[in-house]
Every structure is written in structure tokens, then in C-alpha cells.
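So you can see what is in the structure, the chains are spelled out below.
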Amino acid sequence: MNGIKNIIAGVVLLIAFSFNIASAQTTKVKGQITDSKNLSPLPFVNVFIPGTSIGTATDASGRFELEFDATKDSIRVAFMGYKTVDKRIVRGTEQTVNFRLESTSKTLNEFVVKKKKEKYRNKDNPAVELIRLVIDNRDKNRMEHYDYAQYNQYEKMEFALSNLSSKVQNGRFTKKYKFIFDNQDTTKMEGKSLLPVYLEEKLADVYYRKSPEKKRVIVTADKKVNFENYIDNQGLNAYMRHIYQDVDMYDNNMMLFTNQFLSPIANAGPTFYKYYIADTIATPDGQKLIELEFYPRSKTDLLLEGKMYITLDGNYAVQKADMTANKDINLNWVRDFHLYLDFEKTPDGRYFMNRSTMRADFGVFKGRSGIYGERVVSIKNMEINKPMPEDFYKGPSLVEEDEKLQKPDSFWADNRHDTLSTAESKVYSNIDSLQHMKSFKRTMEIATLLLAGYKSVGPFEVGPVNAFYSFNPVEGFRLRFGGRSTPKLNKSFYVETYAAYGFKDKQWKGYLGATYALNHKSIYEFPIRSITVSAQRETKIPGQELQFIQEDNFLLSFKRGDNNKWLYNDIYIAHYLNEYNNHFSFDAGFKHWTQTPAGELKYYKNTDPITSDGRDPIKTAEFSLELRWAPHEQFYQGKVYRIPIANKYPIFTLRGIAGVKGIVGSGYNYQNISLNIYKMAYLSQLGYSEIVLEGGYIFGKLPYPLLTVHRANQSYAYQLESYNLMNFLEFVSDRYASINIDHNFNGFIFNKIPLFKRLKFREVAAVKVLYGGLRPENNPNKDPSLIQFSKDATNIPVTYTLGQRPYIEGSIGIANIFKLLRVDLVRRFTYLNNPGVSQYGIRARFRFDF
């Protein structure tokens, strides 16, 4: 009988156990929470299962995802200022449940409360005491605290047109693109309609090692809207990442839109911010958080405001943060932005940032059409202190093999950390369809010609337009026509050529150059390994060195002072360039150079010209080696160009040149060595400085045209690395050292002056100091056998050597005029008695900056 009872009891227990297993099936709930009135997403809303410790919070898009095995059949959302809502769910299934929360605020009749405003103090302020605890525990609450870490990272970059007017959408030229305008999103930003036009998604496995520090990013998939026929996708992508840089709240300073903002938990935070404890919150799992609000002491400084949630578990870590900036700061083009940060608890009780969302609305005028940009970085599957084999960390920091990155839609559906919105999911196919329309192709070709100055003709580009016509004292009216190949001809081979004719000197000039990438990539795709050969006959002003500007640009035809001493240069070059993943590179080359005086420039020994007309050429043959190290360098990189993007890391360039006598008529033996160090120094609230240190030494006895002709600028454009009040060919040296400091205060002073603040002007200042000299063996004043310094028409010397005093010039100016223009008043402090010099000058420069 007992045996039967035991069997019955076992069957009952088995049935109950089976029922419990069935009842505890996994339930997965996801959805979005929005405001019921304006449908804007609500971040940081608590979402939990009543009666349990299971819960989560919404992200910056108001989305949530919850997975659990409990037997509960309801879900609750609660958020301060809104009514709490419960909804039924179906157990054991995957489902979408959205919420629209109603505000609990009520409209009151107007009343006035007069209360004496209390002065804010740091002393005895519990909010400040709390933030100091956060600062003290900062190092242990960041990834760098661990010896090793690895995780999977998902990144989404999106750009959209915002608030397009009905005239644009229904216009004569756009009505045929109706299928594009139908794909608008009205849920992401309050009061804005967004039309996605660019989307990129990227998945990567990231490995971090603390000592020696190394971070390897292995990209496993990449999907993006492709404008390759009209826009350099690589360049566009690089610039977007420059604007939307990785943000770490635990750094003292955060880079937002190329500007440095002081973090609210920086060491100096209590000096610049005000802190207030707003509330104490208990999470569904019983954890206590302090809601801390922060505001800048000065509304005009580049500081943030918002709120953060701080744990009270002894770690004093930030669990969430919502930050923006005051509307009074001097920030260009950005009408509004929000930075949302989420942090996740690791098994050892620490916290790491598992999600960051940056949203920004760009535009010129408030309320008008603009551009919306969003970058989301999500981290999953974090593993700590799990080292990889030692050899693994010796590999390149970034591994991105193009042929392995293209994945099918099914892969993205299974692996992306986010679910795309309806509008986002259609952008890939819509833009692809758009680019196949003939009318769109014509529009983009016209835009490319106007903005880039080149017109595509099959696998070639004709241009640049701004160099087709120019003028100067030697050539007079000058016409130029040329072009370059594109990757459509060959990805690894690049050729450029032009021909120019001067109607005054009646001489042809021209250039032909070719580059081949030995690593079978684009010749501008980092890292480069290429061979270049070129031949050129061209005019040049001795000492003129321009940064990223063509010397025959039409606007540079306008110059101050005498500008009549030129050279005809015949140059043949061959060089090999090799770049490495650590941003070290070397460039080895050979150059044969024949320089012949032109215009009023003539070469004399004693008082007699070397030849009857003083046009005797100087020939040299040089072997060169340039070593360059630019750690963490970024580029604005296109198909046929590459421009460095300044960041906080220095750039070192060491050059060595050896001239060899007797090679193809070369007449001189010499050695020239120089070192250039460039550094962008960020000073937080005080702005930033561009600093250039340079020095050089020439060994050997040489005529002065082969010495260092210091960089002068006689145009009206402000040049960073040239001397803006020095005349061409004014100073030469065989040894020199210089320092240039150009500082932008970012409106730190002007923001406190009402009129300047309203105009968003920014103050700038610069100083340039140059020491140099000539050894007696290279000084024409002490050796009549040398080519004598250049003289003007009245036989007065116009070329000099630097003496005991340095050359010094400085400038102060107003930048950000119309958000683009900088105007400097430049003053020269030394060598004021040289003929033809000016003590003061006005220089201008256009620059797009945030």
C-alpha cells in the first residue's frame, strides 16, 4: 500500500514539476515608451515586473528589452512626472509592448513667489561631497581599471534631413523623389520630422590590455549607404567620426563637435559646476541611486548641464547620465544636442559604459530645415581579465578587411544590438534607388563641380576650376587646364597632369606625375606603400610655402608689396613612401632640381651678373629621407586626396637631405637636416593652441638660394606656419630654430561681452619667433665669391640674414565672423628698418569649425 502511495506521490510531484517548467518558459518583451502628447521618446524610464527584482530602463530612444523566466503576466513602467502604467503580457512568448505615458503635471493659475535667493556654496554642500566621492572613485569605475577586457561593439551612425518644408517636398525638381519623402520619422525628436539619408552600421570585437596598453578592434561587419559615385565615402566617414568622437565621461575633458567640454566629474568639476541632489531612487532590484543635477556656474562657458544617477553601493559610480549644453554657449551650427550614457554592472560589482547615444540637430536658423545626426555605440558580452595569447596583441590596432565585411540582411537581423526603426530600415534601398535616377545624377555632378571644383569625365576628373585662370607679375595672364584619374581607371594607380601658359613670359609650364600603390589599395588609403615619379616645369616664389592650397589658386593672385622675384623650376622626382599601422612612416626619394631666376631676380657675384643676363641656373641632385610619426592620426580621406585632422596627439617630422655633386650637372655637396613638431594643445575652458616647433641645420658651402629661405606670406590670407609680415626672400639661414603659437580662446572672453556674445565672435591671438643665422662661409657679405643677396631696382639689398635678435611677429584677431571668417591685426616687432616692410597688416582666413 505504501508503495502505491509513493508511486502516486511521485506522479503528482512529476506533474507539478512539469507544470512549473512549462510555466517558467522564457518571456521576452520589448517596446518603446513615448510621451502621449508629443510622442517624443522617454529615456531612463523604469520598466519592471511587479513583485520581482526583474527590471530595466529605457535607452535614449525610449526603447527597452526585457527577458525573464518568471511566471508573471504583467509589466509596469514608472517615471517621475508621469502616471504609472501596467499592461498584461503573454507568458512564454516574444512580444512587443509599447507605452504612451500621460504627464501628471497640472496647469496652475499664475502666482508670484518672492524668496531670497540663496548663494550657492561648495562648502557643506552634500551634492559637492557626493561628486567628490565620484571623482575619488573614478579610476576604478572605468575599463582601464582592468588588466584585460574584451567585448562585442555595435555602432550606428545616422544622418537625416530635418523639418523639410512642404515647398521642398512638393517642388518642381523634387516631386519625382516622392518615395524618398514618404520615409520620414516623427518619433525620434520632439517636434521634428526626420528624413534619413545616411546610415552606417558596424560590428566589431574589441580587445583591451592595460600594460603595455593596447587596444585591438577587429571589425567583423560593415553596412552603409553608398554615395561612392559622388562623395568620397571614406572621407565622409572619417569626418563624421571626427565630429562624433568616442566619449568617456570619466575623462577630465570630453570632445564634442571638435570642442573640448569639461566633464561634470572632472577633477576641476566643483570649480566650474553647480550640483544639486534632486531625488533618491530605488531600482527594481533594490539598488539605491542618487539623482544629481548639474549646471555650469557661467552659462557662456563650454560646459554641460543635465543629470546623472550615482550608485550608493560604495563604488559611487555613474549608472546613467543625460547631458546637453546651455543655449548661450558659443557653438556653431549645433542648434540642440543630447548625450545619453548608460552603464552596466560587471560581475565584480564595478561599472562600465555599455551604451552611448549622441543626438544633434544641426542648422543655421532655429525652426528651419537642418540636419539631424545620431551616433549610437553599444557594448555587449563584456569579459574581464581574460587575456588573449601574447602574440595576439602584437597585431595592428585596427583590422578591417573590406572583402569580409559585407554580410547578408539575415546576419544583421541576428547580430545588431538595436532594432532599426521603419524609416531607418528603408534608407539603404531608397538611396540606392535614388542614385540610379538620371535627374539625381545630373544634380550631384553639378554639386560636385561647384563644391570640389572637378568635373567627372569617365575615369578622369577635369579641374580644379579655381586654378584655370590666375595672374602674376612674371607670367601675366595665365591659363591652366588639367585633371587627374579616379579609382574608376585603376584603384591602385593614380595619374595627374596639367599644362599652363603665361601670356607675358610666353612660356609653357606643366606637370605629369604618376603613383602606384604596391599594396594594391587606393594610394590615399591608410596605410600607404607607394612609388611616385613626376616631372614638372613651373614658376615659384622663393620662400612661399602654402598649407593645403594650390599656389596658382586665383585668389592668391592678389598680393601685397613687391612680388617680382620668381624662379623657373625644372624638377624631376622619384620617391618611395611606406606607412605603418602605428602611424610611423618613411619617405625615401631622389630629386633633380634646376632653378633659374625669373622676373627681377638675378644672380650676381661681386657686382657682376654670373651671365650676361643674371639668369644662370643652379642645379642640384638630392637624396632625401623623411621619418614621420603621428600617433593616433586621423584623416579626412577621399579617393584622390587626404588631409590630416588635428587632434591632441603630436606629429614629429624629421627630414634629412644629401646633395651630391656631379649627378646630371649637380654642382654642390651638402647636407640638410630639420625637425618639425606640431601639437594641438587643448586647455579646456581656455580654448586650444596650435603649436609648431621647428629647427634645422645645413652643412656645406652653398649659394644663398640653396639655404633655408624662411617662409614668408605676402598674400592677404592668414597662414599658420608662415610669417605674415615677412617679405618673400627677405631672410635666409643655414641654421635656425622657431616657435609658432596660435591660440583660439573659443569665446571665453567675448562670451561675457553682450554684443560679442550675441554675434558669437571668438578671440584669437598668435606669436611667432624665429632665430637664425649664417656661418661666415655661407654669408655673401663676407665672401664675394658667393652669389650676392638679392637687391631691388635701386641697388638696395632686400635679402638679409638674421642677427642676434630674433624675428618676432604677433597678432590678435576676431574669429567666427559669420561663423566662417577670421580677421587678424598682425604686428611685426623686429627688423623694421628693412626696406619695403610693414609694421602692421590685416590678414583673413576662412575656416569651417564648430
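Residues numbered from 1 in each chain as written. Predicted model: local features only at pLDDT ≥ 70, side-chain atom pairs only at ≥ 80, totals over all residues. Heavy atoms only, no water.

(A) Quick peek at the sheet that holds strand β5 (residues 74-78). Ordered by their spatial adjacency, 4 strands build an open sheet running β3-β2-β5-β6, and the pairing between neighbours is antiparallel. Both edges of this open sheet fall to β3 (55-57) and β6 (85-88), since each of them pairs with a single strand only. Mean inter-strand twist for the sheet, computed between neighbouring axes without regard to direction, equals 20 degrees. Bridge count for strand β2 (residues 46-48) against β3 is 3 bridges, and the pairing is antiparallel. The partner of Phe 48 across the bridge, within β3, is Gly 55. (Pairing = 2+ DSSP bridges. Helix = DSSP H or I, 4+ residues; strand = E, 2+ residues; numbered from the N terminus. Axes fitted to C-alpha atoms, helices over the stretch in contact; angles between N-to-C directions.)

(B) Spatial organisation of the environment of Leu 199. Its place among the elements puts Leu 199 in strand β10 (residues 194-209). For Leu 199, a relative accessible area of 1% gives the class buried. A C-alpha to C-alpha distance of 7.5 Å links Leu 199 and Glu 424, two positions 225 residues apart in sequence. Here Leu 199 is in contact with Lys 156, Met 157, Glu 158, Lys 223, Lys 224, Val 225, Leu 420, Glu 424, Val 427 and Tyr 428, once residues within four sequence places are set aside. (Buried < 20%, exposed > 50% of the residue type's maximum accessible area, 1.4 Å probe, protein only. Contact = heavy atoms within 4.5 Å.)

(C) Geometry of the pairing of strand β45 (residues 821-828). Bridge analysis of strand β44 (residues 807-817) against β45 gives 7 bridges, and the strand direction is antiparallel. Bridge pairing links Gly 810 to Arg 827 in β45. Hairpin geometry of β44 and β45 is characterised by an intervening segment of 3 residues between the two adjacent antiparallel strands and by a positive phi of about 55 degrees at Phe 818. Here β45 pairs with strand β46 (residues 840-846) via 7 bridges, running antiparallel. Bridge pairing links Asp 824 to Arg 843 in β46.

(D) A look at helix α2 (residues 126-136). Within the sequence span of α2, burial applies to Ala 127, Val 128, Leu 130, Ile 131, Val 134 and Ile 135. Relative to the axis of α2, the buried residues are bounded by an arc of 160 degrees and lie together on one face. Lining the buried residues of α2 we find α6 (269-272), β14 (273-282), β15 (288-296), β16 (304-311) and β17 (318-325). The opening residue of α2 is Asn 125, an N-cap whose side-chain oxygen sits 2.9 Å from the backbone nitrogen of Ala 127. (Arc of directions from axis to C-beta. Polar contact = N/O pair within 3.5 Å; in protein donor to acceptor, adjacent residues only side chain to side chain.)

(E) Representation of helix α8 (residues 422-434) within the structure. Here α8 contains 13 residues, and its C-alpha end-to-end distance of 18 Å stays within 8% of the 18 Å for a straight helix at 1.5 Å per residue. At Tyr 428, α8 shows its maximal kink, close to 35 degrees. Every buried residue of α8 is accounted for by Ala 423, Glu 424, Val 427, Tyr 428, Asn 430, Ile 431 and Leu 434. (Expected span 1.5 Å × (residues − 1). Bend = angle between axes of the 7 residues up to and from the residue.)

(F) Local environment of the side chain of Thr 620. When you line up the elements, Thr 620 lands in strand β33 (residues 618-629). Taking the relative accessible area as the measure of exposure, Thr 620 reaches 1% and is therefore buried. Discounting chain neighbours no more than four positions away, the residues touching Thr 620 are Lys 591, His 592, Trp 593, Ser 666, Tyr 668, Tyr 670 and Leu 706.

(G) Here's a closer look at unusual backbone geometry. Here the residue pair Ser 211 and Pro 212 is connected by a cis peptide bond, since its omega of -10 degrees sits within 30 degrees of zero. Its location among the elements puts Pro 212 in the loop between β10 and β11 (214-224). The peptide bond linking Gly 463 to Pro 464 adopts the cis configuration, its omega dihedral lying at 0 degrees. Tracing the chain through its elements places Pro 464 in the loop between β23 (460-462) and β24 (469-472). For Lys 819, which is not glycine, the phi dihedral falls at a positive 65 degrees. For Lys 819, the position within the fold is in the loop between β44 and β45. Even without being glycine, Tyr 831 reaches a positive phi, approximately 55 degrees. Looking at the secondary structure, you find Tyr 831 in the loop between β45 and β46.

(H) View of empty space enclosed by the protein. Enumeration over the complete set of coordinates arrives at 7 cavities of 30 Å³ or more. For the largest cavity, the lining is made up of 17 residues, of which Asn 744, Ala 815, Arg 822, Arg 847 and Asp 849 are closest to its centre. Looking at side-chain class alone, the lining of the largest cavity contains 6 nonpolar, 3 polar and 8 charged residues. (1 Å grid on protein atoms, 1.4 Å probe; cavity = no way out; pocket = protein on both sides within 12 Å on 5 of 7 lines; lining within 4 Å. Points joined across faces, edges and corners; volume = space filled by probe spheres on them. Nonpolar A, V, L, I, M, F, W, Y, C, P; charged D, E, K, R; others polar.)

(I) Spatial organisation of a positive patch on the surface. The grouping of Lys 176, Lys 438, Lys 441, Arg 442 and Lys 488 at the surface amounts to a positive patch. For Lys 441, the location among the structural elements is in helix α9 (residues 438-452). Overall, the relative accessible area of 34% leaves Lys 441 in the partly exposed class. (Patch = residues over 30% accessible without salt bridge, like charges linked within 9 Å, V, L, I, M, F, W, Y side chains within 5 Å. Areas by Shrake-Rupley, 256 points an atom, 1.4 Å probe, with all protein chains shown as cover. Salt bridge = Lys/Arg side-chain N within 4 Å of Asp/Glu carboxyl O. Lys, Arg positive; Asp, Glu negative; His and termini not counted. Charge placed at Lys NZ, Arg CZ, Asp CG, Glu CD.)

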